[in-house]
Amino acid sequence: MSQALNELRDSARQVLGKLGLAADENQTWPLLVELGWLLVALPEDDGGLEQGLAGAVAFHTELGRGLAAAPYASALLAIDAVQHAEFAQRQSFLERFTAAEYVAAPMAASHLDLRRDGSRLLLTGGVAALESADRATHLLLSSQDDRCVALVPTRQPGLSLRARNTWDPSRRLFEAQLQDVPLDPALLLAQGEAAQLLCRRLRSLRELSLAADAVGGAAAALTMTVEYLQTRRQFGRPLALFQALKHRCADLCALSVAAEAQLADTVSRYETRLAEPDGELAAKTARQLACSVYARVAEEALQLHGGIGMTSEHACHRFLKRALLDEQLGLPAAQAACDIAGAFIAAC
Amino acid sequence: MKPDNTADALRMEVRSWLHEHLPRQWRKAMTGCDQEAFVRAQREWFYKLAAAGYATPHWPQGWPGGGRPLAEQKIIYEEVARADAPRLILYFVSLYHAACTILEWGTQEQKQLYLPRILKGEVWCQGFSEPNAGSDLASLKTRAERKGDRYVINGQKTWSTMAQYADRCLLLARSGKSDPPQGGLSYFLLDLRSKGVSVRPIAQITGDDEFAEIFFDDVEIPVENRIGADGEGWAVAQSTLSSERGLTLVELTQRMRYALPRIVATMREQGLIDDGARRRELGELIPKVHAACALADRYLLKRISGEEAPGDASVVKLYYSRVLREFVSLGMRCGGLSAQFQEDFTRGGGQETGNWPVDFMNSYNWSIAGGSDEVQRNIISERLLRMPREPRNWQLSGERS
């Protein structure tokens, strides 16, 4: 990690630490926009901080560590899509989307059919898992066949949003229904082969953002648990003295560190290949491990906290609920495992 | 990191050397062969590697093959794993444990005497563990009694890999009383042909006998064969145990990655290639295997840059041993009933040979030897997570102290 990125990461950790694990979106989102965190991966020419994928992953990790309630992953996906698209308003959209405006990108698979009606392109279908979509000016949508990627204004006839109450209090998810929503030609980011590449790139980035969120969350949940075991006394001694509990923490530590190493390795090897099949597979692989580790650590963290972990004021449930949601976002874990095996067997 | 032409050149050089010199069909030859044939093959492979300088990249400048930085040693190991070359089990203690201990603690005379002989193929074994001193190594009881210009050794060592083929032994024994017990130990370089030494192979659960016990009955060792000062044995032993510096785990994790197709081969043989449950298990294993590689890799890079923290090595070893067990367990499940029948196994072929029951049994080597998983968990929780240490005084109710 570069010196500059180290400093950025430390300051992010500090800011989020001050906000606390229970801060809501109205506190977190304006602050991170103001601090310029949306600029992390953009090159200097686009007014960015030039930290690339490693920078984005470092911030996702910190937001995961701090259970940040902000649609950061989704916002970065849209910014990346605009950055990598060739269209007239690229520069002005980059400026808008890294400052005042928010674009929601689906954090799970969507099912949208593209239909041509004369000169018009129409989108119909459903999109699940749009983060904080009520805040968004646009949605970043792609057709089921990956042949079209477009920005779609949120407020228009034929497009309806429905808020879903997730168990994870740090994410507000919406579903969108589209009925013959016309695409504005000026807002088409990519079509045909270019769109396929962009879709793959966006899926890779989404998987990596989830992996990073999981790596940060797992590390924080474990640290919190170890601190609790060191303070809590029963039977006249700190719980941290019991080997049965120490060994469980050691196992969780090994898992967390392994997931982190795997993610860092993937970032360093595949940054330039995210739009290629092997890059997408590597992203899935890193995410598969990280999210399963996070779920395991969060489950154990609650158990190791005992009764206090069942109370709403304690952060245990926040980690657990975010971990369980992370596992279902993006490409669901079971599907990822089958994909990874399938690709491996095909190459044998 | 800048793109490194020297590193790429070395990688290509090692790769083409291995391509040229690797014994063809060695797996076939080493499957079902007896231990004598295995030892002969190991010697031949050692001589080839040593002549090319690839057996001793970790030795200092001035020795054949020596003076290579850790990053280059890593490349050699990665290529050895990639080429699926035999593991040099017979010489591991000689090349790493013995050589590094002698290089760090030995007198000029000891270096001149022993190191060239290692290059010529002398085999060393390790005499540390005892029947009652495994994880708690410092409690070892083998005595070394000073009598004039010699020590007299009495006691027993165990779990000594390939000791029945060894010429010399790295011996840790108690030469004085001390509290803590680490204080009274001395370290010796023992000629196994000395009078009073007997070596007995241990029959293992695989039917093989890779390990042996060593018995010492009034064995005399000249004082000049002690390494380090009297009572300094524990510190010397720490050098022995850290001598391979993470390279082994780089090699083993890489081998594990390259061995993944053996699971697919078993799935095919058993008609399970389209079995959803097995495919899903494979899909869950692959990320763990990659993570083990990334972890071993990063650990070595940390060592190179001097950023290693206490407990880091334990994380790598614990994670590897758990993933290895999952790997071979999946092999067992894919093998099904056919993995319950005894078949010839491959010697020197690593941990994932595709003979799953044997691989499964051997996987306990990694969760028990070299600090068991439980010891690693203690180290991780105490040093890395900074949880409190076990209290030293304890008493079971009804037991007198």
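Since the structure is predicted, the reported quantities are computational estimates derived from the model, not experimental observations.

## Details of the overall build of chain B
In terms of regular secondary structure, chain B is built from 14 helices and 8 strands. Computed over its C-alpha atoms, the radius of gyration of chain B comes to 22 Å, within 12% of the 21 Å expected for a compact globule of 401 residues. When its C-alpha atoms are laid out on the principal axes, chain B stretches across 70 × 60 × 45 Å. When burial is assessed residue by residue, chain B has 54% of its 401 residues classed as buried. Nonlocal contacts in chain B, meaning residues at least 24 apart in sequence, comprise 75% of its contacts between residues at least 6 apart. Summed over all atoms, the accessible surface of chain B reaches about 18500 Å², with 50% contributed by carbon and sulfur. With 52 positive and 52 negative side-chain charges, chain B shows a spacing of 2 Å between the two charge centroids.

## Structural notes on the domain arrangement of chain A
Residues and elements named next belong to chain A. According to the domain assignment, chain A contains domain 1 (3-97), domain 2 (103-192) and domain 3 (194-347). Just the C-alpha atoms count here: the centres of domain 2 and domain 3 sit 28 Å apart. The partner domain 3 presents 18 residues to the 22 residues of domain 2 that form the contact. Its largest share of buried area at the contact with domain 3, domain 2 owes to M107, D146 and R171, together 37% of the area lost on that side. Here domain 2 and domain 3 share 3 salt bridges between them. The interface formed by domain 2 and domain 3 contains 13 residue pairs in polar contact (both at pLDDT 80 or more). Elements with a contribution of two residues or more to the side of domain 2 that touches domain 3: β4 (138-142), β5 (148-153) and β8 (188-191).

## Digging into the UniProt feature "domain: Acyl-CoA dehydrogenase/oxidase C-terminal" (unreviewed entry) in chain A
According to UniProt, the positions carrying the feature "domain: Acyl-CoA dehydrogenase/oxidase C-terminal" (unreviewed entry) are residues 208-327 of chain A. Between the C-alpha atoms that bound residues 208-327 of chain A the distance is 12 Å, and the span itself is 78% helix and 3% strand.

## So, the packing of helix α7 (residues 243-270) of chain A against helix α14 (residues 373-384) of chain B
Where α7(A) contacts α14(B), the axes come no closer than 8 Å and their chain directions differ by 85°. Judged by the inter-axis angle, α7(A) sits roughly perpendicular to α14(B). Counting all contacts with α7(A), which are made through A:Q243, A:K246, A:H247, A:A250, A:D251 and A:C253, the residues of α14(B) involved are B:E374, B:R377, B:N378, B:I380, B:S381, B:E382 and B:L384. Per-class residue counts for the contact of α7(A) with α14(B) are 4 nonpolar, 4 polar and 5 charged.

## Description of the sheet that holds strand β7 (residues 173-182) of chain A
Residue and element names in this part refer to chain A. The sheet built from 4 strands is open, its strands ordered β2-β3-β7-β6 with antiparallel pairing. The outermost strands of the open sheet, each flanked by one partner alone, are β2 (110-117) and β6 (159-164). Sheet twist, expressed as the mean angle between neighbouring strand axes with direction ignored, is 10°. Note: strand β3 (residues 120-131) against β7, 7 bridges, orientation antiparallel. By the bridge assignment, L130 is partnered in β7 with F174.

## A short note on helix α3 (residues 35-52) of chain B
Residue and element names in this part refer to chain B. The terminal C-alpha atoms of α3 lie 26 Å apart, and with 18 residues this matches the ideal 26 Å at 1.5 Å per residue to within 8%. Every buried residue belonging to α3 is among Q35, A37, F38, V39, Q42, W45, F46, L49 and A50, and all of these are buried. For α3, the secondary structure elements touched by its buried residues are α1 (5-21), α5 (92-105) and α6 (108-119). G53 sits one or two positions beyond α3 and adopts a positive phi of about 85°.

## Some words on the packing of aromatic side chains
All names here are of chain A. Scanning all chains against the criterion turns up 20 aromatic pairs over all chains. Ring centres 5.6 Å apart and planes at 50° place the aromatic pair F87 and F93 in the tilted group. Consider the rings of F93 and F97, whose centres lie 5.2 Å apart with planes at 75°: the pair is edge-to-face. Of this pair, F93 and F97 are both found in helix α5 (residues 90-97), 4 residues apart, which corresponds to roughly one turn of the helix. By relative accessible area, F93 is classed as buried at 2%.

## Quick word on the pattern of salt bridges
Residue and element names in this part refer to chain A. Counting across every chain of the model gives 59 salt bridges over all chains. Across the salt bridge formed by D117 and R120, the nearest N and O atoms sit 3.4 Å from each other. Accessibility expressed as a relative area gives 42% for R120, which makes it partly exposed. Connected via shared salt-bridge partners are E131, D168, R171, D213, R322 and D326.

## Focus: α7(A)
Because each turn of an α-helix spans 3.6 residues, side chains separated by three or four positions in sequence point in the same direction. For α7(A), with 28 residues, the first-to-last C-alpha span of 40 Å sits near the 40 Å given by 1.5 Å per residue. With 20 of its 28 residues buried, α7(A) lies for the most part within the structure.

## Here's the deal with the UniProt feature "domain: Acyl-CoA dehydrogenase/oxidase N-terminal" (unreviewed entry) in chain A
Taken from the UniProt record, the annotation "domain: Acyl-CoA dehydrogenase/oxidase N-terminal" (unreviewed entry) applies to residues 26-100 of chain A. For residues 26-100 of chain A, helix accounts for 59% and strand for 0%, while the C-alpha atoms at its two ends are 14 Å apart.

## Examining the interface of chain B and chain A
Residue-level contacts link 37 residues of chain B with 34 residues of chain A. Both faces combined, the contact of chain B with chain A buries some 3000 Å², and carbon together with sulfur accounts for 72% of it. Joining chain B to chain A, the criterion identifies 4 salt bridges. At the junction of chain B and chain A, the tally comes to 8 residue pairs in polar contact (both at pLDDT 80 or more).

## Regarding the sheet that holds strand β1 (residues 103-104) of chain A
All names here are of chain A. On the basis of which strands lie adjacent, the open sheet formed by 4 strands has the order β1-β4-β5-β8 and mixed pairing. Strand pairing shows two members of the sheet lacking a second neighbour, β1 and β8, which therefore form its edges. Direction of pairing for β5 relative to β8: antiparallel, over a ladder of 3 bridges. Looking at β8, one finds that V149 is bridged to A190. Here helix α6 (residues 192-231) sits on the sheet and contacts β4, β5 and β8; the angle it forms with β8, its principal contact strand, is near 105°.

## A look at the side chain of A:H317
Here A:H317 lies in helix α9 (residues 316-328). If sequence neighbours within four positions are ignored, A:H317 has contacts with A:G309, A:T311 and A:S312.

## Quick word on the domain arrangement of chain B
Residues and elements named next belong to chain B. Domain parsing of chain B yields domain 1 (5-87), domain 2 (124-240) and domain 3 (246-384). For domain 1 and domain 2, the distance between their C-alpha centroids amounts to 30 Å. Domain 1 puts 5 residues into the contact, and the matching count from domain 2 is 6 residues. For the domain 1 and domain 2 pair, buried surface summed over both sides reaches about 430 Å², with 44% attributable to carbon and sulfur atoms. Counting across the interface, domain 1 meets domain 2 through 0 salt bridges. Inspection of the domain 1/domain 2 interface yields 3 residue pairs in polar contact (both at pLDDT 80 or more). Residue composition of the side of domain 1 that touches domain 2, grouped by class: 2 nonpolar, 1 polar and 2 charged.

## A look at the pairing of strand β2 (residues 143-147) of chain B
Residues and elements named next belong to chain B. Two elements, β2 and strand β3 (residues 150-161), share 5 bridges in a ladder whose sense is antiparallel. Within β3, the position partnered with K147 by the bridge is R150. The loop that links β2 with its antiparallel partner β3 comprises 2 residues; one of these, G148, has a positive phi angle of about 65°.

## Comments concerning the UniProt feature "domain: Acyl-CoA oxidase/dehydrogenase middle" (unreviewed entry) in chain B
According to UniProt, the feature "domain: Acyl-CoA oxidase/dehydrogenase middle" (unreviewed entry) maps to residues 125-219 of chain B in the numbering used here. Between the end C-alpha atoms of residues 125-219 of chain B the distance is 17 Å, and the span holds 0% helix and 52% strand.

Conventions and cut-offs
Residues numbered from 1 in each chain as written. Chains lettered and ligands numbered in written order. Predicted model: local features only at pLDDT ≥ 70, side-chain atom pairs only at ≥ 80, totals over all residues. Heavy atoms only, no water. Helix = DSSP H or I, 4+ residues; strand = E, 2+ residues; numbered from the N terminus. Rg over C-alpha atoms; globule rule 2.2 N^0.38 Å. Buried < 20%, exposed > 50% of the residue type's maximum accessible area, 1.4 Å probe, protein only. Contact = heavy atoms within 4.5 Å. Areas by Shrake-Rupley, 256 points an atom, 1.4 Å probe, with all protein chains shown as cover. Lys, Arg positive; Asp, Glu negative; His and termini not counted. Charge placed at Lys NZ, Arg CZ, Asp CG, Glu CD. Domains from an automatic or database assignment. Buried area = accessible area lost by both parts, 1.4 Å probe. Salt bridge = Lys/Arg side-chain N within 4 Å of Asp/Glu carboxyl O. Polar contact = N/O pair within 3.5 Å; in protein donor to acceptor, adjacent residues only side chain to side chain. UniProt positions renumbered as here; feature names shortened; annotations may be inferred. Axes fitted to C-alpha atoms, helices over the stretch in contact; angles between N-to-C directions. Parallel < 35°, antiparallel > 145°, perpendicular 65-115°, else oblique. Nonpolar A, V, L, I, M, F, W, Y, C, P; charged D, E, K, R; others polar. Pairing = 2+ DSSP bridges. Expected span 1.5 Å × (residues − 1). Phe/Tyr/Trp six-rings, centres within 6.5 Å; stacked < 30°, edge-to-face > 60°.

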